[in-house]
Every structure is written in C-alpha cells, then in structure tokens.
Protein chains: 2
Amino acid sequence: MRNLLVRISFIGTRYGGFQVQENAPTVCGELNRALLAILKHPAEIKGVSRTDAGVHARDFAFSFRTNNPIPEEGLVRALTALLPADMGVHSCTEVPEDFHARYSCTGKEYAYRFFPSKERDPFLEPFVYRYGGALDVAAMDAAAAHFVGTHDFSAFRAAGSSTQGSVRTVFRAGVTWEGGLVVFRVAGNGFLYNMVRIMAGTLLEIGAGRRTADSIDAALKQGRRTLAGPTAPAKGLCLEQCFYEKKGG
Amino acid sequence: MRNLLVRISFIGTRYGGFQVQENAPTVCGELNRALLAILKHPAEIKGVSRTDAGVHARDFAFSFRTNNPIPEEGLVRALTALLPADMGVHSCTEVPEDFHARYSCTGKEYAYRFFPSKERDPFLEPFVYRYGGALDVAAMDAAAAHFVGTHDFSAFRAAGSSTQGSVRTVFRAGVTWEGGLVVFRVAGNGFLYNMVRIMAGTLLEIGAGRRTADSIDAALKQGRRTLAGPTAPAKGLCLEQCFYEKKGG
C-alpha cells in the first residue's frame, strides 16, 4: 500500500470549507471526485485541517493510501486536469506508512490580509478584509508579539467549540505592510477553531485604536472569549504553509 | 445638465463584455441598474470601449448626463454600495458638456499577462494565459517594438469585423517580466476588434520560437489576418488605463 502526500492550493470563495457537507461544494468533495476517477477506488482523504467556508489556501496538504501504481508526476497532472480552475496542485510525494497529513504536521503558517481602503478593488476583494479607517500598523505588529509562546488560547477560540485542549504554541507572529495590504502572519504548532480570525479581529481593534496590546495578555490569562476581539471575516484568511519537519529539524 | 465621467475597475470573468446583451450579465447592465436606483432616471451610458466577454479592466471609463445634483463623492459611494463585488469605483468628475468617454479618449493602455508554468495557480488563473513551455521574453520584447508607429492593423483584427478604418497608432509596446508573469503592455490611440489579443497570440508564437519578429512586418504590410498569430484567450487581457489628455498635453 502506498501512502501519498499531496500539496494543493485553492480559492475558498465557492466552498463550504474543506470537509464534505451536504449543503455546499467542498474542497474534499472535489478531491474525492477527481481521485475516484484517477484511482478507480474511493480514497480516504486525511486533510491537514478543516478550513472554514471561504478560507483560502496557498499550501494545503492531504494524504491518502492507494495500491494504484500511478507515478507521482502523473497524479499531479491528472488531478490538475480534473480539478476545477479555483484549485491547483503543487506536488505529490510518497511518504512513510505511518504518515498522516494532520497528525504528522509540525506546524502551519496563516496570513490574514487587511486592505486599508475606502475604495473597493475587485481584484483584491475576495482575499482581503477591507477597512476604511486608518490602521496603526506598528501597534498591530507590537501587539501580535503578545501571541508568541505557549499559551492557553481559550479566549481565541469560537465559543462552544469542542474541548480537546486549548494550549498551543505560536512560533512567530507579526503585522507588516505587503504592497498596499496590511498582513498579519502567524505560525504555530496548531490552531483552535477560528483562532487566527479572532486574533485578526483583535489586532484590527488595536490598529484602529479601540484596544490596547495589554488586552491580549488579559484575554490569554483569563481565557474568556468575550475579552478578545470579534471574529474577522473568513475571506481575509489564507493557509500559507504546512510544515512537516522532523522535530529539531 | 451635468456631464459626469466615472472611472471603474472590474473582473470580466462573469460578464459577457461591457455592452448590454440578452444572454449574459454585462458590465453596462450592472451600471444601468445601479444608476437607475441612484439617479431615479435611466442613464445613457457612453463607455470608452466595448470589451469582450471575459476581459478585465483596472481603469474603464464611462460618461453620462444627469440633472441629479448628487455630489461626485456621493455617487462614488452609492455606486460602490450598489455594484457587485467584482466591480470597483475609482472616481467621478464633472466634465465639459461636449465630453464623450469614447470620442474624447486620446489613448488606452492594455496589458496581456502570460503565466509560464505547467502548474495552475488558482489565484492567477482567472487573469492569465498559462503556457507550459519556455518563453524567450527578450525576443518577445524586441518583436513588440515592431508594432510601434502608425500602421494599417488589418492583419491584427478579427476576421469579418466591421470596416471603419484600420489605421491606428501604437505609442509604445513591450514585453517584460513582472514577478512570475510575462506581461505584454501596449498603448495606442485606438485598437481594432481583438487587436491586442491577436498581437498577444503572435508574440506568444515568437516567444515559443515558432515565428520570427519579421513576420509582424509582413503581416502589417500585407494586411491579411492569416499572416498574424492566433487570438489569445480573453481572460489574459486587461484594460489598464484610459487617457484623456488634451492633444500635446
């Protein structure tokens, strides 16, 4: 049995997230359809994470097992041909038998893109949270540093989401100008449900001068969702990278 | 009676071009709908050009007359609110009575974007012509210079399109790398139907080594459509700028 790891990208706009559901097209649904046509058997797809409806990915990973001898390069070509235009395929590599796209993942990097503009730019609109006011980017960057480290992120998790431990390690976090956009980038070993979007909503309030960086420490310490900012819209969020380094590597 | 000039941008993917038609949503159809709601009377919209189905615009201009006293800034805000997310509004300015978005235009700049990649990037896909082979960008740039000047562009016009003179002046034309894209930019006083897409298709053949720059001179001289290259796909084309300088200005 071969175990294959595939890296893809997708525009999340049209999808009800990664995980298959009844009411909307999903990324996994498209992959199931394409892989069935290629492999001639249903594939049990392990995704690196569930992504919310509307969230984008420049590097999403999934793994599955097959006895089909199709070469890695051939699978990339066939998937590219069979998947819709809002999905792309970076690579396919054979991985050890015990590899699992989710459990073997050692970290992920997300970007949240703010567009500080009163004017709508249709070319950016699907990928940004447009904010018409002034943003203090230096204050946002300084505040983002408060997320770094190992913390209980309960305050930065969607209210009512399942409890399976809420301690996570954020490796790095910062806010910088990238062209005309203000981009929050955060990398960590794992993220709770809506965690990056709540971090982004909190940083926006700080950038707009409605909140101080200290409020992040208070929210982390007390763990109450109400102490953090609002959940920023899904469309500004993008999974940028998945890490599979060995520990210490 | 006020005469207003509005500059907009749009993603052409969803539209059957600018001009209203029965079978598809159109850019002008969206503008008609929004302006009727704002002005309370139908507006007779003069667009700077018809654009083909699927062609994008970062700076499209149109003008219309109204007795409605709405301030220019208010019209920008109202249009932005009423138009769909794949359209944006840059500005609105009052112009002289005899101004006409099409006839007063002194020139336009188009960009045609090639993405030299076997891999599909879903974030670029709607805006580029993806080409899997190698491209000689220096050869394309040198060849583009052959378009510059005043020529009869009959060979670079869709076969069977209406005859209303085929002499146009190209101010400048070049092909350069912009990030990971190969971009053909061309500015001129006017363009025939499909002219930029046929220029782009011809330059692609030159970049791929299947044609020489001399063939452009032969096509211009003999004026036969069959001597030029194929019409490149609409989605790679974008109207980048409309010029309204006074002559000599």
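Let me sum up the structure you'll find in this document. Being a predicted model, the structure only gives us computed values, none of them experimental.

### Observations regarding the overall build of chain A
Alright, step 1. Each helix and strand counted, chain A has 5 helices and 10 strands in total.
Alright, step 2. A compact globule built from 249 residues would reach a C-alpha radius of gyration of about 18 Å, and chain A, at 19 Å, matches this within 12%.
Alright, step 3. Across its three principal axes, chain A shows a C-alpha extent of roughly 55 × 40 × 35 Å.
Alright, step 4. When the 249 residues of chain A are sorted by exposure, 55% land in the buried category.
Alright, step 5. Here the analysis covers contacts within chain A between residues at least 6 apart in sequence; of these, 72% occur between residues at least 24 apart.
Alright, step 6. Of the roughly 11,000 Å² that chain A leaves accessible, carbon and sulfur atoms contribute 53%.
Alright, step 7. Between the averaged position of the 29 positive side-chain charges in chain A and that of its 24 negative side-chain charges there is a distance of 3 Å.

### Quick notes on the side chain of Glu125(B)
Alright, step 1. Relative to the helices and strands, Glu125(B) resides in the loop between strand E5 (107–116) and strand E6 (129–131).
Alright, step 2. Relative accessible area serves as the criterion here: at 11%, Glu125(B) is assigned to the buried category.
Alright, step 3. If we ignore the near neighbours within four places in the chain, the residues touching Glu125(B) are Ala85(A), Arg120(B), Arg130(B) and Lys235(B).

### With respect to the relation of the copies chain A and chain B
Look at the two chain copies: a rotation about an axis and a shift along it is all it takes to match them.
Alright, step 1. With an RMSD of 0.0 Å, chain A superimposes on chain B once it is rotated by 180° and translated 0.0 Å along the axis. On the angle and the small slide along the axis, the relation comes out as a two-fold axis. Closest approach to the rotation axis among the C-alpha atoms of chain A is made by Phe123(A), whose C-alpha sits 5.1 Å away.
Alright, step 2. Both copies contact each other with a shared surface, as 100% of the interface residues of chain A are interface residues in chain B too.

### Details of the pairing of strand E1 (residues 2–10) of chain A
Residues and elements named next belong to chain A.
Alright, step 1. When you tally the buried positions in E1, you get 9 out of 9 residues, the bulk of the element.
Alright, step 2. Taking every second residue as pointing to the same face, both faces of E1 are buried, with Arg-2, Leu-4, Val-6, Ile-8 and Phe-10 on one and Asn-3, Leu-5, Arg-7 and Ser-9 on the other.
Alright, step 3. Summarising the sheet, E1 and strand E3 (residues 56–66) pair through 8 bridges and their orientation is antiparallel. Within E3, the position partnered with Val-6 by the bridge is Phe-62.
Alright, step 4. In this sheet, strand E4 (residues 87–95) lies alongside E1 in antiparallel orientation, the contact comprising 8 bridges.

### Overview of the side chain of Arg2(A)
Residue and element names in this part refer to chain A.
Alright, step 1. Checked against the element boundaries, Arg-2 lands in strand E1.
Alright, step 2. In terms of polar contacts, Arg-2 uses its side chain to reach the backbone carbonyl oxygen of Asn-68, at 2.5 Å.
Alright, step 3. Contact partners of Arg-2, with chain neighbours within four places excluded, come to Phe-64, Arg-65, Thr-66, Asn-68, Pro-69, Ile-70, Glu-72 and Glu-94.

### Quick word on the nonpolar core
Alright, step 1. Among the nonpolar cores identified, the biggest contains 75 residues, and Ile8(B), Leu75(B), Phe156(B), Phe184(B) and Leu203(B) are the most heavily contacted of them.
Alright, step 2. Sorting elements by how many residues they give to this core places helix H4 (residues 195–207) of chain B first, with 8 residues.
Alright, step 3. Setting aside anything within four residues of it in sequence, one finds Ile8(B) in contact with Val27(B), Leu31(B), Arg58(B), Asp59(B), Phe60(B), Phe62(B), Met87(B), Gly88(B), Val89(B) and His90(B).
Alright, step 4. Val48(A), Ala57(A), Phe184(A) and Val196(A) belong to the second-largest nonpolar core, a separate cluster that totals 74 residues.

### Section: the interface of chain A and chain B
Alright, step 1. The interface of chain A with chain B comprises 22 residues on the first partner and 22 residues on the second.
Alright, step 2. When residues of chain A are sorted by the area they lose upon contact with chain B, Arg120(A), Pro122(A) and Phe123(A) head the list and together hold 43% of the total.
Alright, step 3. Counting the contacts that link chain A with chain B gives 0 salt bridges.
Alright, step 4. The interface formed by chain A and chain B holds 10 residue pairs in polar contact (both at pLDDT 80 or more) in total.
Alright, step 5. Taken together, the elements giving at least two residues each to the side of chain A that touches chain B come down to E1, E3 and E4 of chain A.
Alright, step 6. Ranked by residue count, the leading element in the side of chain A that touches chain B is E4(A), at 4 residues.

### A look at empty space enclosed by the protein
Alright, step 1. Enumeration over the complete set of coordinates arrives at 1 cavity of 30 Å³ or more.
Alright, step 2. In this structure, the largest cavity spans a volume of roughly 40 Å³.
Alright, step 3. Residue lining of the largest cavity: His56(A), Arg58(A), Arg113(A), Phe127(A), Gly236(A), Cys238(A) and Phe123(B), and that is the complete set.

### Considerations on the packing of helix H3 (residues 137–144) of chain A against helix H4 (residues 195–207) of chain A
Residues and elements named next belong to chain A.
Alright, step 1. Remark: H3 packs on H4, axes separated minimally by 8 Å, with the N-to-C direction vectors making an angle of 135°. By the angle class used here, H3 and H4 are oblique. When the axes of H3 and H4 are compared, the crossing they make is right-handed. Contact with H3, carried on its side by Ala-139, Met-140, Ala-143 and Ala-144, involves Leu-203, Leu-204, Ile-206 and Gly-207 of H4 and no other residues of that element.
Alright, step 2. Residue composition of the contact of H3 with H4, grouped by class: 7 nonpolar, 1 polar and no charged.

### Some remarks on helix H2 (residues 72–82) of chain A
Alright, step 1. Of the positions making up H2(A), those classed as buried are Gly74(A), Leu75(A), Val76(A), Leu79(A) and Thr80(A).
Alright, step 2. At its buried positions, H2(A) is contacted by E1, helix H1 (27–39), E3 and E4 of chain A.

Thresholds, definitions, all that
Residues numbered from 1 in each chain as written. Chains lettered and ligands numbered in written order. Predicted model: local features only at pLDDT ≥ 70, side-chain atom pairs only at ≥ 80, totals over all residues. Heavy atoms only, no water. Helix = DSSP H or I, 4+ residues; strand = E, 2+ residues; numbered from the N terminus. Rg over C-alpha atoms; globule rule 2.2 N^0.38 Å. Buried < 20%, exposed > 50% of the residue type's maximum accessible area, 1.4 Å probe, protein only. Contact = heavy atoms within 4.5 Å. Areas by Shrake-Rupley, 256 points an atom, 1.4 Å probe, with all protein chains shown as cover. Lys, Arg positive; Asp, Glu negative; His and termini not counted. Charge placed at Lys NZ, Arg CZ, Asp CG, Glu CD. Least-squares fit on C-alpha atoms with pLDDT ≥ 70 in both. Pairing = 2+ DSSP bridges. Polar contact = N/O pair within 3.5 Å; in protein donor to acceptor, adjacent residues only side chain to side chain. Core = buried A, V, L, I, M, F, W, Y, C linked by side-chain atoms within 4.5 Å. Buried area = accessible area lost by both parts, 1.4 Å probe. Salt bridge = Lys/Arg side-chain N within 4 Å of Asp/Glu carboxyl O. 1 Å grid on protein atoms, 1.4 Å probe; cavity = no way out; pocket = protein on both sides within 12 Å on 5 of 7 lines; lining within 4 Å. Points joined across faces, edges and corners; volume = space filled by probe spheres on them. Axes fitted to C-alpha atoms, helices over the stretch in contact; angles between N-to-C directions. Parallel < 35°, antiparallel > 145°, perpendicular 65-115°, else oblique. Left-handed = near helix turned anticlockwise from the far one by under 90°. Nonpolar A, V, L, I, M, F, W, Y, C, P; charged D, E, K, R; others polar.

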